[in-house]
Amino acid sequence: MRSLTHWMCTLSLPLLLACSANGLAATVVMAFGEKIPPFCFPESDSGIELEVIGEALAFRGHTLEPRYFPLARVPLAFRKGEVDAAMTDLGQDLAAVGGHYGNPAVIYYNVFVSLKGRRFDIQKPEDIKGLSIVAFQGAAQRYPEWLAASQKDGLYFEQNNQELQVLGLNKGRYDLVLSDRSIYRYFELLLERTTLFKAKTIAMHQFVEEDPQNYRPVFRDPQIRDDFNAGLAQLKASGRYQAIYDHYLKQ
């Protein structure tokens, strides 16, 4: 896995010029969740979300210094003044404690994943009645209108090891996996690269409309927020944003 430092060293000439033109460069201490593959790998300071945010900040000369917390503590660390920024507010209003919201660096798209051969058509909660489901921890609280009935019927399970979710679906142990689509794809590729695993063809069923506003990073300094937004726009315009995703999610 390439480190965040490696990507900083591969900035294009326009990026470097933008950095040198700004004399107010800062080190931005930012709270991230402890481990959210492929978005965050604390052991190497890498991952899609870290690299997008780090390179966006570098556009105006800032340096990202990630700090890792259990996900629920990320907004608390910001509230307590332990960090300068946070990857997310987890539904809390951090503007009330001096937070300035940036544009979304990444968006998590939760979907139901099934084996394509099962030919499921999932449009409404009734369509998953009688199907066994494995999901990430806390999913039942987030999507009660979809999962409460399955939970009541004993057909709903939570498994935070998302590699086991992929294996379980492939072996037919569950009918559906509820996962972020990038996370599921990452673990499929990881298993194929490191084991004799051969992924069966899957279908991904979108069941909710994700609100990008739920995934905005928060900054204490409004100027750094503006610099981040400018860098993020440049990453997308240059194709670098997609290249970061492809590094983790393509063969």
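The structure we're discussing is the one just above.
Source: prediction; values computed, not measured. (Residues numbered from 1 in each chain as written. Predicted model: local features only at pLDDT ≥ 70, side-chain atom pairs only at ≥ 80, totals over all residues. Heavy atoms only, no water.)

Visitor: Give me the layout of surface pockets: which residues, what numbers.
Guide: Of the volumes computed, that of the largest pocket is approximately 990 Å³. If you go around the largest pocket, you meet 29 residues; those closest to its centre are Ile36, Leu71, Phe136, Gln137 and Arg142. Of all elements in the fold, only helix H5 (139-142) and helix H8 (181-194) reach the threshold of two or more residues within the lining of the largest pocket. Contributing to the lining of the second largest pocket are 15 residues, with Ile107, Tyr109, Arg181, Tyr241 and Tyr245 lying nearest its centre. Listed by contribution, the elements that provide at least two residues to the lining of the second largest pocket are H8 and helix H10 (240-249). Split into classes, the residues belonging to the lining of the second largest pocket amount to nine nonpolar, two polar and four charged. (1 Å grid on protein atoms, 1.4 Å probe; cavity = no way out; pocket = protein on both sides within 12 Å on 5 of 7 lines; lining within 4 Å. Points joined across faces, edges and corners; volume = space filled by probe spheres on them. Helix = DSSP H or I, 4+ residues; strand = E, 2+ residues; numbered from the N terminus. Nonpolar A, V, L, I, M, F, W, Y, C, P; charged D, E, K, R; others polar.)

Visitor: How would you explain the environment of Gln137 if you had to name every residue and give the values?
Guide: Along the chain, the position of Gln137 falls in the loop between strand E6 (133-135) and H5. When neighbours within four sequence positions are excluded, Gln137 is seen to be in contact with Glu158 and Asn160. (Contact = heavy atoms within 4.5 Å.)

Visitor: For unusual backbone geometry, give the residues involved together with the corresponding values.
Guide: Here the amide bond leading from Pro37 into Pro38 is cis, since omega sits at 0°, within 30 degrees of zero. Note on placement: Pro38 falls in the loop between strand E1 (27-33) and helix H3 (48-58). In the Ramachandran plot, Leu90 falls in the positive-phi region, its phi being about 50° despite a non-glycine side chain. Backbone geometry at Arg119 places phi at a positive 55°, although glycine is not the residue there. With respect to the element layout, Arg119 can be found in the loop between strand E5 (110-115) and E6. Residue Arg119 is classed as exposed on the basis of its relative accessible area of 74%. (Buried < 20%, exposed > 50% of the residue type's maximum accessible area, 1.4 Å probe, protein only.)

Visitor: Can you explain the side chain of Asn170? Please cite residues and give values.
Guide: With respect to the element layout, Asn170 can be found in helix H7 (residues 162-170). A distance of 3.2 Å separates a polar side-chain atom of Asn170 from the backbone oxygen of Lys198. Polar contacts involving the side chain of Asn170 include one to the main-chain amide nitrogen of Lys200, which spans 2.8 Å. Contacts of Asn170, omitting those with residues within four sequence positions, involve Leu115, Phe197, Lys198, Ala199 and Lys200. (Polar contact = N/O pair within 3.5 Å; in protein donor to acceptor, adjacent residues only side chain to side chain.)

Visitor: Give me the side chain of Asp227: which residues, what numbers.
Guide: Note on placement: Asp227 falls in helix H9 (residues 222-238). A distance of 3.0 Å separates polar atoms of two side chains, one belonging to Asp227 and the other to Arg60.

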